[in-house]
Amino acid sequence: MSPPLEHDYLGLSELPSSPAIAVEERVLTLSATELRLGLPGSETTDRKDKVGLTLELLPLPKSFVSGGKRGFSDAIDGAGKWRFAAGKGGSEVDLGKGGGLFSPRGEMAGGGTGKPSGQGNAGKDTAVNAVGQEMKAVAQVGGSVGHDRAMAPAAKAQVVGWPPIRSYRKNTMATNPSKSKDDADGKQGLGCLYVKVSMDGAPYLRKVDLKMYDNYKELSSALEKMFSCFTIGPCGSHGIPNSDGLSESHLMDLLNGSEYVLTYEDKDGDWMLVGDVPWEMFTDTCRRLRIMKGSDAIGLAPRAMEKCKNWN
Amino acid sequence: MVGGFRWAAMFPDEVWEHVFSFLPADADRNAAALVCRAWYRIERRSRWRVFVGNCYAVEPAAAVRRFPEVRAAAIKGKPHFADFNLVPSDWGGGAEAWVEAMAEGWPHLEELRLKRMVVSDDCLELIARCFKNFKVLSLVSCEGFSTAGLAAIAANCRNLRELDLHENEVEDNCLHWMSHFPESFASLVTLNIACLEGEVNVSVLERLIGRCPNLKTLRLNHSVPLERLVGLLHRVPQLVDLGTGKFAAQHHPELFSKLESAIAGCKNLKSLSGFWEAGPTYLPAIYSVCEGLTSLNLSYATLQGPELIKLISRCKNLQRLWVMDLIEDDGLIAVAASCKLLQELRVFPSDPYGAAQPISLTEHGLVAISAGCPMLHSVLYFCRQMTNAALLTVAKNCPNFTCFRLCIMEPHTPDYITRQPLDAGFSAIVESCKHLRRLSLSGLLTDLVFKSIGASANCLEMLSVAFAGDGDAGLHYILSGCKNLRKLEIRDCPFGDKPLLDNAAKLETMRSLWMSSCSVTLGACRQLARKMPLLNVEVINERKRGLPLELQPDNCPVEKLYIYRTVAGPRSDTPSCVWILR
């Protein structure tokens, strides 16, 4: 079976006859898993055609392994490189069927955490719900593996405030998922994902729409703007000019300076450090955010690891 | 006055006041106040209910001074499009200025209703402290307050009758706010906490409502589990309006029968809402009260067509139905057959971004309702396809529409059969429905539809337009026609400067105009502002690129424009993204 062209997209160009082993050699950077289709701000909320993939984190940053508190920046940059594991560890990559790497028709277990269909290797195995909008787009358009990489406009740019549904209704539907026909994990595809953000010591909560951001950097800079008035110390001043990149580094400084760490509560009710997982997966599982004092976050890292082990 | 004769002095003031008391409508009282100075004086001293449609149209202190005996005030803040995130979050609409002025000048205020305003906890505390006889607090689509503010209301408003919180953003920082109602407090008639996100102490709630014999409306939030609903209902069998909490639980025959009998025990139930997470399991528990229902809101319940049909076909006296599009055409056909008294229908999209498989809710459902429900006068309908033929049929079947809002979810969608614009269909609506007060357009539309609207829509007060029209002519038709137009909101239409400037005087006869993503330039706005001193011309530019607005050239495009008439001059609380042109 010749390898599908999608593989090119993720940097897995030549796939020899034993795809399993070759695939293991591939190394992906985290940014490669954040794929976007078309216009900035465009997105599709279709989770039906998920692509089954298994990713393995390697290598692990030192501080992570030691269980020490990990700064937010580490989470983004230091999460290391991602690579594909071949599902059943050495068995033939079965394309087109359930257990394979690229099953456009989606072999993701319901619940959105996307448990890998096969057994991963030791360490942190995470399955990515939708690796790249392109994958979904191609799957949608072609409906079959091997479709041309030409991007059909499968993902529409979402227009602000259209259709005219009140924010209250959108929030309510998003945070109170109900069971519809075959939407097991309850996401109604409302195109917004409001989560509460609390900060230790701040007098009130804020809400952010995770769908407004494409990656952790954007989220962190937005949070910094939101909460800068509450920070203690020199970093949180409003007087600092708001040019690109500068605001993001403030949150980094803030967070790295051992004051605060950004954490989130996931669907299972566990508190995790933000940045461990690919962005798509994060938005899928994040229920709310909390900017907590660094000293409170020490226990989190090992739990994150524990959890990932449990996903197998 | 005729020939200097002071005819108003024919009767003592009290007689005129008594006469004026038969003029409940503000418009009539306003007209009476213009007749002569005596009537102005008498009318202002006897007006006790005031409605301020735009909080920036008048200085709070001026309003309070003019009507010193006001007992009930309703005030609206942000423009309607704020509901859809088109207005910057810091735009304004703060309630402090009003609450402070009212605390000063209306100490006997009993009712306050605020919509789309930013209400802080400080405001709530001020209300709680200053108005000794406060009875009604209604907050709709507001934000900025928390349950700590509610605690202050609970603790201090000894005569509170209504606490109506509808679709507000409320921060949850005081879990036990309801415990602040004193034990002696027993005056509640309406308690609507459906929008609160936090946990509710159901035991405290039980005791509270148990001692309020006049409670008629109780709307719970989704945190109240179904099991506890039983106990609550036992305490308030006199309930007329119930909003359930979470309407799902593990199937349990005992719970089912308890729920069924608790609901049946509420013999006066007329209105049901809530139904968070409702599934088919417990729905039959409400069958016994269906016959008496006049209002049913299932718009947050993702129930499927068959379940909905089973339920709604029992509701023979339904006047208002809010439902998700999961009801589909078949469901609406069943509604049309069963609910002959239906007056208002709202169908909301379960999946607005088109991610899931398509729902079979089309123009057929709307046509069926229009044919089967002769009393229908208000419609909000989200769908994906429409035809001119269907709209013509609807227009013929329902000449009594007062409110017609159709949202075809994909912009620029034509008649899917003929591929023509939907001009003919909407024109038929405005030509047939002579009492139409509110209209929202969608689909592919040219300037022709605006010609019809301008010419025929004589009662139209509010018009919402999106992704429509060919050019300036469209806007010109509207502004030069529609003699009762009060609110016009437009987004993403190719309307430019000329119709605005040509119809500047019209803008003073309206409450407000919103235009975003159109083709208006800064120069036109400057001209308009100079020409019309009684308008606030607000230019909203969120992108903050380049020069500040004062230095931008006349041809600089305006992202968002909000124009409203005011006697208060430019407001002083504009954020950095808003410029008021002078």
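Everything below is about the structure shown above.
Conventions used here
Here the residue numbers are simple positions, counted from 1 along each chain's written sequence. Key to labels: chains lettered from A, ligands numbered from 1, both in the order written. For this predicted model, a pLDDT threshold of at least 70 governs which residues receive local features, and a threshold of 80 or more governs which side-chain atom pairs are given and counted, while totals over whole chains, interfaces and linings are taken from all residues. Side-chain metrics in this entry use all non-hydrogen atoms of the structure; hydrogen atoms and water are not considered. Strands are runs of DSSP state E lasting at least two residues, helices are runs of H or I lasting at least four, and both sets are numbered from the N terminus onward. The classification of residues rests on relative accessible area computed with a 1.4 Å probe and restricted to protein chains. Under 20% of the type maximum is buried, over 50% is exposed, and intermediate values are partly exposed. Throughout, a contact is declared for two residues whenever any of their heavy atoms are within 4.5 Å. Radius of gyration: over C-alpha atoms. The globule rule applied is 2.2 Å multiplied by the number of residues raised to the 0.38 power. To measure how exposed things are, a 1.4 Å probe is used in the Shrake-Rupley method; for residues, cover is taken only from the protein chains shown. When charges are counted, neither His nor the chain ends are considered; positive counts come from Lys and Arg and negative counts from Asp and Glu. In plain terms, the charge of a residue is placed at NZ if it is Lys, CZ if Arg, CG if Asp and CD if Glu. Whenever a helix is involved, its axis is fitted only over the stretch in contact; in every case the axis is a line through C-alpha atoms, and angles between N-to-C directions fall within 0 to 180 degrees. Note that the term roughly parallel is reserved for angles under 35 degrees, roughly antiparallel for angles over 145, roughly perpendicular for angles of 65 to 115, and oblique for everything else. Two helices cross in a left-handed way if the nearer one is turned anticlockwise from the farther one by less than a right angle. They cross in a right-handed way if the turn is clockwise. Note that the arc is computed from the directions linking the helix axis to the C-beta atoms.

A. Quick peek at the overall build of chain A. Within chain A, the regular secondary structure consists of 10 helices and eight strands. When the 312 residues of chain A are sorted by exposure, 54% land in the buried category. For chain A, the proportion of contacts with a sequence separation of at least 24, taken over those separated by at least 6, is 69%.

B. How the structure looks around the overall build of chain B. Helices and strands together make up the secondary structure of chain B, namely 20 helices and 23 strands. Here the C-alpha atoms of chain B give a radius of gyration of 26 Å, agreeing with the 25 Å that 2.2 N^0.38 yields for 582 residues. Overall size of chain B, expressed as C-alpha extent along the three principal axes, is 70 × 65 × 60 Å. Across the 582 residues that make up chain B, the buried fraction comes to 59%. For chain B, contacts bridging at least 24 residues in sequence account for 71% of all contacts bridging at least 6. If you sum the accessible surface of chain B, you get close to 23200 Å²; carbon and sulfur atoms cover 54% of it. Taking the average location of the 62 positive side-chain charges in chain B and that of its 62 negative ones, the two points are 6 Å from each other.

C. Quick look at the packing of helix H5 (residues 96–105) of chain B against helix H6 (residues 121–130) of chain B. Residues and elements named next belong to chain B. The geometry of H5 relative to H6 is characterised by a closest axis approach of 10 Å and an angle of 15° between their N-to-C directions. As judged from the angle between their axes, H5 and H6 are roughly parallel. Here H5 runs over H6; the crossing is left-handed. Where H5 approaches H6, its residues Glu-96, Val-99, Glu-100 and Ala-103 are matched on the opposing element by Cys-123, Leu-126, Ile-127 and Cys-130.

D. Spotlight on the environment of B:Asn317. All names here are of chain B. By the element assignment, Asn-317 lies in the loop between helix H11 (305–312) and strand S13 (320–324). The spacing of Asn-317 and Ser-338 is 21 residues in sequence and 8.7 Å in space, taken between C-alpha atoms. Sequence-distant contacts of Asn-317, that is, excluding residues within four places in its chain, are made with Glu-291, Leu-293, Thr-294 and Leu-341.

E. View of helix H14 (residues 388–397) of chain B. Residue and element names in this part refer to chain B. Within H14 the residues assigned to the buried category are Asn-388, Ala-390, Leu-391, Val-394 and Ala-395. Angularly, the buried residues of H14 cover 160° about the axis, an arc narrow enough to put them on a single face. Exposed and oriented more than 90 degrees from the buried face of H14 are Ala-389 and Lys-396. Elements in contact with the buried residues of H14: helix H13 (363–372), strand S16 (403–408) and helix H15 (423–432).

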